[in-house]
Amino acid sequence: MNRFLVGITLVFALACGDDDGTSTPDGMGGDAGPAACGEGQVCATLTVPESFDGTPREVFVGLYSSLPPAGPPEVFVGNVASPAIAAGMPMTMALDDGGASGDYHVFIALYVEGGGMFNPEPGIDYMATTAPVTFGAGPVELGEVALELADVGGPDPQERGGA
């Protein structure tokens with residue numbers, strides 16, 4: 001059932017998103033340099049491992065009150081189609097925070113060609129989660145977020161030192 005709910009949420013998100021990951025007025029960075037983080041935004045610089053050789057299809061960002069993510073996010077932040085990210089080429093982003101208020105874990109998934117459609121495919125797609133972050137008190141700057149190859153349990157934010 002949870003897989004179905006996540007699937008429906010992502011289908012809706014895909015239908016609404018049209019950003020190509022290049023620099024735009026809303027702050028999507030691509031290779032254009034750091035995005036300015038404004039009020040009501042969540043910002044990060046996404047990186048992938050040096051061994052990354054996939055073809056990026058989409059970045060998905062959602063907020064969850066607990067981990068591991070199960071079902072649709074409490075707050076859908078955004079998605080970026082065909083993101084400009086590669087080994088040695090980080091992607092900066094500044095997305096509207098969806099009106100979030102309170103403490104949430106940020107879940108970021110990088111879907112690649114041949115990977116999952118609604119959930120990150122272990123061993124193919126990439127993902128990251130953060131320790132709880134407070135929203136609604138100004139811009140949320142996550143800094144550098146290292147996406148890791150998805151596994152069955154997902155990356156542990158405490159092993160990465162949180163965010």
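The structure we're discussing is the one just above.
Remember, predicted model here, so these are calculated numbers, not experimental data.

Some thoughts on the overall build of the protein
In step 1: Helix and strand counts for the protein come out as two helices and nine strands.
In step 2: When the elements of the protein are put in sequence order from the N terminus, they spell out α-β-β-β-β-β-β-β-β-β-α.
In step 3: Within the protein, the fraction of its 163 residues that count as buried is 45%.
In step 4: Sequence-distant contacts in the protein: of pairs separated by 6 or more residues, those separated by 24 or more amount to 71%.
In step 5: Roughly 7600 Å² of accessible area belongs to the protein as shown, and the carbon and sulfur atoms make up 54% of that amount.

Here we look at the pairing of strand S6 (residues 126-129)
In step 1: Here S6 shows two buried faces, one formed by Tyr126 and Ala128 and the other by Met127 and Thr129.
In step 2: Judged from the four bridges that link them, strand S5 (residues 102-112) and S6 form a sheet pairing that is antiparallel. Its bridge partner lying in S6, isoleucine 108 is registered against alanine 128.
In step 3: Pairing analysis gives two bridges linking S6 to strand S9 (residues 148-149), with the strands arranged antiparallel. Within S9, the residue paired with methionine 127 across the bridge is glutamate 148.

Concerning the packing of aromatic side chains
In step 1: Using the criterion set out here, one finds five aromatic pairs in the structure.
In step 2: When the ring of phenylalanine 60 is compared with that of phenylalanine 76, the centres are 5.7 Å apart and the planes differ by 35°; the resulting orientation is tilted. Taken together, the residues phenylalanine 60 in strand S2 (residues 56-64) and phenylalanine 76 in strand S3 (residues 75-81) connect sequence positions 16 residues apart.
In step 3: Note on phenylalanine 60: relative accessible area 3%, which makes it buried.
In step 4: Under the relative-accessibility criterion, phenylalanine 76 is labelled partly exposed at 29%.
In step 5: Clustering of aromatic rings is evident, with ring pairs tying together Phe60, Tyr64, Phe76 and Phe107.

A word on the nonpolar core
In step 1: Within the largest apolar cluster, 29 residues are counted, with the highest numbers of intra-cluster contacts made by Leu46, Ile108, Leu110, Phe135 and Leu147.
In step 2: Looking at this core, the elements with two or more residues in it are strand S1 (41-47), S2, S3, strand S4 (91-96), S5, S6, strand S7 (133-135) and strand S8 (140-146).
In step 3: Looking at which element gives the most residues to this core, the answer is S5, with five residues.
In step 4: In this structure phenylalanine 135 touches Val42, Leu63, Asp97, Ala100, Ser101, Gly102, Tyr104, Val106 and Val140, once residues within four positions along its chain are discounted.

With respect to the environment of asparagine 79
In step 1: Summarising the element assignment, asparagine 79 is placed in strand S3.
In step 2: In this structure, the C-alpha to C-alpha distance between asparagine 79 and glutamate 58, residues 21 residues apart in sequence, is 6.7 Å.
In step 3: Separated by 2.9 Å, the side chains of asparagine 79 and glutamate 58 make a polar contact.

Quick notes on the rules
- Residues numbered from 1 in each chain as written.
- Predicted model: local features only at pLDDT ≥ 70, side-chain atom pairs only at ≥ 80, totals over all residues.
- Heavy atoms only, no water.
- Helix = DSSP H or I, 4+ residues; strand = E, 2+ residues; numbered from the N terminus.
- Buried < 20%, exposed > 50% of the residue type's maximum accessible area, 1.4 Å probe, protein only.
- Contact = heavy atoms within 4.5 Å.
- Areas by Shrake-Rupley, 256 points an atom, 1.4 Å probe, with all protein chains shown as cover.
- Pairing = 2+ DSSP bridges.
- Phe/Tyr/Trp six-rings, centres within 6.5 Å; stacked < 30°, edge-to-face > 60°.
- Core = buried A, V, L, I, M, F, W, Y, C linked by side-chain atoms within 4.5 Å.
- Polar contact = N/O pair within 3.5 Å; in protein donor to acceptor, adjacent residues only side chain to side chain.

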